Amino acid sequence: MKKIILTVFISLLLFSSCQYFEKQVPSEKDLLQKELKAINWKEVDEFPSVYGSDTIENKIERQQCFFEYMTQLIQHKLSVDTLSVLYPELDTIEVKVTVFPNSRIIFEPLFPKDSVAYDTVKIDSILKARLVGFPKINPAIKRGIPVKTQFILPVILKVE
């Protein structure tokens, strides 16, 4: 009799304890939404880099190295042009740089909304003509995938 009661008790315990092992598996859509909300879309894991700056391990130093390199290279390419002669009041220009996942670069000058003192179309054409022949730039990386990035660089045209 003790064996039967013990067997029934163990059987009831086993059948009732199975409910504790059944867990609700979240749906694939719920998991995807949760993961998408967890991703910070405003930051990248690795900033764009050029040969030389890609060996720097520190993320902030690597970013700073890349921005300094790009600023100096743009200033050098524009220093041999007539931009400062045509527009002597223009000492600094902001350039929006777009680096695409395929390493292609686009430069776009940013002007104040009320700028009528200079011909923005002419400056844009000068920039497009001068800002060519850049070395290969490695695109930014987000979760192991190359992504498009945009940033604004202040470029000093006149150094006195």
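These lines cover the structure that appears in this document, whether it is placed above or below. As a convention, each chain's residues are numbered from 1 in the sequence order in which they are written. The model is predicted, so local features are restricted to residues of pLDDT at least 70 and side-chain atom pairs to those at 80 or more, both for listing and for counting; the totals for chains, interfaces and linings are taken over all residues. By convention in this description, side-chain values take in all heavy atoms of the structure and omit both hydrogens and water.

## Structural notes on the pattern of salt bridges
Part 1 of the argument: Whenever a carboxyl oxygen of Asp or Glu lies within 4 Å of a side-chain nitrogen of Lys or Arg, that contact is scored as a salt bridge. Under the definition given, this model contains 3 salt bridges.
Part 2 of the argument: The partner of Glu 35 in a salt bridge is Arg 143, with the nearest N and O atoms 2.9 Å apart. Pair noted here: Glu 35 is in helix α2 (residues 28-38) and Arg 143 is in the loop between β5 (140-142) and β6 (145-147), with a separation of 108 residues, a long-range link.
Part 3 of the argument: Residue Glu 35 is classed as partly exposed on the basis of its relative accessible area of 36%. Runs of H or I in DSSP of at least four residues are treated as helices and runs of E of at least two as strands, each being numbered from the N terminus. When a residue's accessible area, from a 1.4 Å probe over protein chains only, is under 20% of the maximum for its type it is buried; when over 50% it is exposed; and in between it is partly exposed.

## Here we look at unusual backbone geometry
Part 1 of the argument: Positioned with a positive phi, Ser 103 is a non-glycine residue whose angle comes to about 75 degrees.
Part 2 of the argument: Looking at the element boundaries, Ser 103 is found in the loop between β2 (92-99) and β3 (105-110).

## Some remarks on helix α3 (residues 59-79)
Part 1 of the argument: Across its 21 residues, α3 extends 30 Å between first and last C-alpha, which sits within 8% of the 30 Å expected from 1.5 Å per residue.
Part 2 of the argument: Buried-residue contacts for α3 involve β1 (49-50), β2, β3, α5 (120-130), β4 (137-138) and β7 (149-156).
Part 3 of the argument: Pairing of N or O atoms within 3.5 Å defines a polar contact, subject to two protein rules: one partner must be a possible hydrogen donor and the other a possible acceptor, and residues neighboring in sequence count only if both atoms are side-chain atoms. Capping the start of α3 is the job of one residue whose side-chain oxygen sits 3.0 Å from the backbone nitrogen of Ile 60: Asn 58. Here a helix's expected span is defined as the number of its residues, less one, multiplied by 1.5 Å. Residues count as neighbours in contact if any of their non-hydrogen atoms are within 4.5 Å of one another.

## Examining the pairing of β3
Part 1 of the argument: Covered by surrounding structure in β3 are Ile 105, Phe 107 and Pro 109 only, the residues Ile 106, Glu 108 and Leu 110 on the alternate face being uncovered.
Part 2 of the argument: The turn joining β2 and β3, which pair antiparallel and follow one another in sequence, is formed by 5 residues; a positive phi near 75 degrees is taken by Ser 103. Any two strands are treated as partners once DSSP identifies two or more bridges connecting them.

## Focus on the environment of Arg 104
Part 1 of the argument: Its location among the elements puts Arg 104 in the loop between β2 and β3.
Part 2 of the argument: Under the relative-accessibility criterion, Arg 104 is labelled partly exposed at 42%.
Part 3 of the argument: Between the C-alpha atom of Arg 104 and that of Asn 138, which follows or precedes it by 34 residues, the distance is 9.4 Å.
Part 4 of the argument: With residues up to four places along the chain from it excluded, the contact list for Arg 104 reads Thr 98 and Val 99.

## Re a nonpolar patch on the surface
Part 1 of the argument: Judged by side-chain polarity, Leu 6, Phe 9 and Ile 10 come together as a nonpolar surface patch covering roughly 300 Å² of accessible area.
Part 2 of the argument: With respect to the secondary-structure elements, Phe 9 resides in helix α1 (residues 2-21). Without a salt bridge and with relative accessible area above 30%, a residue can belong to a patch; like charges are then joined within 9 Å and nonpolar side chains (Val, Leu, Ile, Met, Phe, Trp, Tyr) within 5 Å. Shrake-Rupley sampling with a 1.4 Å probe provides the accessible areas, and residues are treated as covered by the protein chains on show and by no other component.

## Concerning the sheet that holds β7
Part 1 of the argument: The strand order β3-β2-β7 describes an open sheet built from 3 strands, whose pairing is antiparallel. Lying at the two open borders of the sheet, with one neighbouring strand each, are β3 and β7. Neighbour-to-neighbour, the strand axes of this sheet turn through a mean angle of 25 degrees, independent of strand direction.
Part 2 of the argument: Pairing between β2 and β3: 6 bridges, direction antiparallel. Pairing of Val 99 across the sheet is with Ile 105, part of β3.
Part 3 of the argument: The sheet contacts of α3 involve β2, β3 and β7, and relative to β7 the element is tilted by about 50 degrees. Lines fitted to C-alpha atoms define the axes, with helix axes restricted to the stretch in contact, and inter-axis angles between N-to-C directions lie between 0 and 180 degrees.

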